[in-house]
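# Architecture and fold: a report
What follows is each chain in one-letter form.
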Amino acid sequence: MSRKLLVIGAGPGIGLETARRFAREGFEIILASRSPEKLAPQIATLTGEGAAVTTEILDATNGAAVTALVERYNGTIDTLLYNAAALRFGPTIDQIEAETLDTDIQLDLSSALRAIKAALPGMAANGHGTILLTGGTIADTPHPAALTLSVGKSGLRTAAQALFEPLKAQNIHIAVLTIGATVKPESDTAREIAQAFWEMHASANTEWHWERRYPLA
């Protein structure tokens, strides 16, 4: 069975470069994003490099849609990367709309948990799997002007830590990459983060950790 990487939140920075890195190792790539027009350049890049690519249009603020998508690939996904986030900076809690609070937390955290939950049965049945989460140092130093992002990244970090041991017992590696850098498309930073994700996936289970940090300490 061919190995597949599902990227939820397939943007032109971390998402694309991680897909490229895994594709070089023979992975088939599934890119899920809300904006089909934004996927076109990524598809062209990946297919031009010989990768097998499938695209899925997904609004990750819709938790049920996230569950349905992952379940559709249940048992075929070797690696899941949850990279979606609402990068909202500026409005404080007294200024942000209540509905925005709900959708941001859904995107940043709740849908990630749904994706994890949906992926686990297939990975457990296969006897292996990797779940990678894009974290951020804002989990360490939360900011009132980025409240939902702070809460979301803190939640992802907590989930990785809490689930690490029970999933390791099933030969499933869950880990968060806590990023303390601005990431631009086609940058060395994006490529280094992609390499870090690959190393997290490829490490032997005796070397597994629930968190890695970028820049590397």
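Read on for an overview of the structure. (Residues numbered from 1 in each chain as written. Predicted model: local features only at pLDDT ≥ 70, side-chain atom pairs only at ≥ 80, totals over all residues. Heavy atoms only, no water.)

Attention now goes to the overall build of the protein. Looking only at helices and strands, the protein has six helices and seven strands in total. Each helix and strand of the protein, placed in order from N terminus to C terminus, yields the pattern β-α-β-α-β-α-β-α-β-α-β-α-β. Its C-alpha atoms give the protein a radius of gyration of 16 Å, near enough to 17 Å, the size a compact globule of 217 residues would have. For the protein, the spread of C-alpha atoms along the principal axes amounts to about 50 × 40 × 35 Å. For the protein, buried positions account for 48% of its 217 residues. A fraction of 72% describes how many contacts in the protein between residues 6 or more apart in sequence connect residues 24 or more apart. (Helix = DSSP H or I, 4+ residues; strand = E, 2+ residues; numbered from the N terminus. Rg over C-alpha atoms; globule rule 2.2 N^0.38 Å. Buried < 20%, exposed > 50% of the residue type's maximum accessible area, 1.4 Å probe, protein only. Contact = heavy atoms within 4.5 Å.)

A word on the sheet that holds strand E3 (residues 53–57). Strand order across the open sheet formed by seven strands is E3-E2-E1-E4-E5-E6-E7, with parallel pairing between neighbours. Strand pairing shows two members of the sheet lacking a second neighbour, E3 and strand E7 (211–214), which therefore form its edges. Averaged over all neighbouring strand pairs, the angle between strand axes comes to 15°, with direction disregarded. Of the pairings in the sheet, the one linking strand E1 (residues 4–8) to strand E4 (residues 79–82) comprises four bridges and is parallel in character. Across the sheet, Leu6 pairs through a bridge with Leu80, a residue of E4. Contacting strand E2 (28–33) and E3, helix H2 (residues 36–48) runs over the sheet at an angle of about 170° to E3. (Pairing = 2+ DSSP bridges. Axes fitted to C-alpha atoms, helices over the stretch in contact; angles between N-to-C directions.)

Two elements in contact, helix H3 (residues 63–72) and helix H4 (residues 98–126), have axes whose closest approach is 9 Å; the angle formed by their N-to-C orientations is 30°. Considered as vectors, H3 and H4 are oriented roughly parallel to each other. Seen along the crossing, H3 lies across H4 with a hand that is right-handed. Along its contact with H3, which presents Gly63, Ala64, Val66, Thr67, Val70 and Glu71, the element H4 presents Gln106, Ser111, Arg114, Ala115, Ala118 and Ala119. Of the residues in the contact of H3 with H4, the class split is six nonpolar, four polar and two charged. (Parallel < 35°, antiparallel > 145°, perpendicular 65-115°, else oblique. Left-handed = near helix turned anticlockwise from the far one by under 90°. Nonpolar A, V, L, I, M, F, W, Y, C, P; charged D, E, K, R; others polar.)

Attention now goes to empty space enclosed by the protein. Applying the stated criterion across every chain, the model contains one cavity of 30 Å³ or more. Lining of the largest cavity is provided by Arg88, Pro91, Thr92, Ile93, Ile96, Leu101, Ala145, Ala146, Leu147 and Thr148. Taken together, the residues that form the lining of the largest cavity break down as seven nonpolar, two polar and one charged. (1 Å grid on protein atoms, 1.4 Å probe; cavity = no way out; pocket = protein on both sides within 12 Å on 5 of 7 lines; lining within 4 Å. Points joined across faces, edges and corners; volume = space filled by probe spheres on them.)

So, about the layout of surface pockets. Its boundaries defined by the atoms lining it, the largest pocket holds a volume of some 1,100 Å³. Sorting the residues of the lining of the largest pocket by element identifies helix H1 (14–23), E2, H2, strand E5 (129–136) and helix H5 (147–168) as the ones contributing at least two each. When residues of the lining of the largest pocket are assigned to their parent elements, the largest contribution, three residues, is made by E5.

Bringing the environment of Ala115 into the picture now. Note that Ala115 resides in helix H4. For Ala115, a relative accessible area of 0% corresponds to the buried category. Distance from Ala115 to Leu80, taken between C-alpha atoms, is 8.4 Å for residues 35 residues apart in sequence.

A word on helix H6 (residues 188–202). Between its terminal C-alpha atoms H6 stretches 21 Å, which fits the 21 Å expected from 15 residues at 1.5 Å a residue. Within H6, the full set of buried residues consists of Ala190, Ile193, Ala194, Ala196, Phe197, Trp198, Met200 and His201. (Expected span 1.5 Å × (residues − 1).)

Turning next to unusual backbone geometry. The linkage connecting Tyr214 with the following residue, Pro215, adopts the cis geometry, with an omega of 0°. Within the fold, Pro215 resides in the segment after E7. Even without being a glycine, Asn171 presents a positive backbone phi close to 65°. If you trace the backbone, Asn171 turns up in the loop between H5 and strand E6 (172–179). For Glu186, which is not glycine, the phi torsion reads 55° and is therefore positive. Along the chain, the position of Glu186 falls in the loop between E6 and H6. Glu186 sits in the exposed class, given a relative accessible area of 63%.

Functional significance is not addressed by these values, which are geometric in nature.
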